[in-house]
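Structural description and commentary
If you want the building blocks of each chain, they are given just below.
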Amino acid sequence: MRVDVGVYHPQFGDIPEAARMQISFLLLDWLLGEDDVERWLGEIEALTVAPPTPSDGSELLDAVAALTEQRDRDEWVLAHWQNPDGYTSLASFRRGVRWIDYPVFDQHLTLTSHFTSADNGLPADAEALDSLRELEDGLEDVLHTRGVLIAHDTTQGRRAFHVYVDGEDQNTADAITAWADKSNGKVHSEQDPAWSAVRPYTG
């Protein structure tokens, strides 16, 4: 759910790339506002050659409005791929959520839990799958409104839950650590205000 944008001006070929990009970002910030640039734009390129079928600002506004209309923060999507070791990997994630929607949730917690797996590294049976679902439900209960679960990925007998919380809220971090201890899981914490760790999922 991103719009890739190329910005063109006839004089872009005569000025340095850094200046081209600065002008492009100023234009887009003016047109959309800084928040929506962060929320909805993907790759931004300053073009030195005019595109064959250029669009204008109103068309970009329409594209962003269409994404805004489609977005459901509670919508989860599923992706799968083969990792470099040949195992199947799965990820489920909220594709419509951005860091700009939760500006104080700047701490990334990765909670890892292992499970009984089949030869392909995925849950071996319904019991293992149900156990993972119970873990997710328990985590959501602990978080409530104090954090947000963005994604979880599964491969080679382990599932990693990706959570963002307020880095200054030690009570929430302690509650999640206690939950992980009871669930035989491990917690890794890092400051990540731009949600760089989950960019493969949020775009």
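What comes next is a walk through the structure. (Residues numbered from 1 in each chain as written. Predicted model: local features only at pLDDT ≥ 70, side-chain atom pairs only at ≥ 80, totals over all residues. Heavy atoms only, no water.)

1. Considering the packing of helix α1 (residues 17–32) against helix α3 (residues 57–70)
What counts, and what does not: To define axes, lines are fitted to C-alpha atoms, for helices over the stretch in contact only, and angles between the resulting N-to-C directions are given on a 0 to 180 degree scale. The way it works is that DSSP assigns letters per residue, a run of H or I at least four long becomes a helix, a run of E at least two long becomes a strand, and they are numbered from the N terminus. Two helices that cross are described as forming a left-handed crossing if the nearer one is turned anticlockwise from the farther one by less than a right angle, and a right-handed crossing if clockwise. Residues are treated as being in contact if the distance between any of their heavy atoms lies within 4.5 Å. Residue classes follow a fixed rule: Ala, Val, Leu, Ile, Met, Phe, Trp, Tyr, Cys and Pro count as nonpolar, while Asp, Glu, Lys and Arg count as charged, and any other residue, Gly among them, counts as polar.
Contact pair α1 / α3: the axes reach a minimum separation of 11 Å and the direction vectors enclose 60 degrees. Considering only the axes of α1 and α3, their crossing is right-handed. Contact with α1, carried on its side by L28, L31 and L32, involves G57, L60, L61 and V64 of α3 and no other residues of that element. Classifying every residue of the contact of α1 with α3 gives 6 nonpolar, 1 polar and no charged.

2. Thoughts on unusual backbone geometry
Heads up, the condition is: Buried, partly exposed and exposed residues are distinguished by accessible area as a fraction of the type maximum, computed with a 1.4 Å probe on protein chains only: under 20%, between the cut-offs, and over 50%, respectively.
For Q156, which is not a glycine, the phi torsion comes out positive at approximately 50 degrees. When you line up the elements, Q156 lands in the loop between β6 (147–155) and β7 (158–165). Under the relative-accessibility criterion, Q156 is labelled partly exposed at 38%. Within the chain, N184 stands out as a residue other than glycine whose phi angle is a positive 55 degrees.

3. Some remarks on empty space enclosed by the protein
For clarity, the threshold we go by: Only protein atoms enter the 1 Å grid used here, on which a cavity is any set of points holding a 1.4 Å probe that cannot leave and a pocket is any open set flanked by protein within 12 Å on both sides along at least five of seven lines; residues with an atom within 4 Å of a point are listed as lining. Grid points are joined across faces, edges and corners, and a volume is the space filled by probe spheres set on the points.
The full count for this structure, using the stated rule, is 2 cavities of 30 Å³ or more. The calculated volume of the largest cavity comes to roughly 50 Å³. Along the walls of the largest cavity sit L111, T112, S113, L135, F161, W179, A180, S183, G185 and K186, which together make up its complete lining. Broken down by secondary-structure element, the contributors of at least two residues to the lining of the largest cavity are β5 (107–114) and α5 (170–182). Per-element accounting of the lining of the largest cavity gives the leading share, 3 residues, to β5. Class assignment for the residues of the lining of the largest cavity results in 5 nonpolar, 4 polar and 1 charged. Lining the second largest cavity, in full, are R2, E38, R98, W99, A194, W195, R199 and T202. Classifying every residue of the lining of the second largest cavity by side-chain character gives 3 nonpolar, 1 polar and 4 charged.

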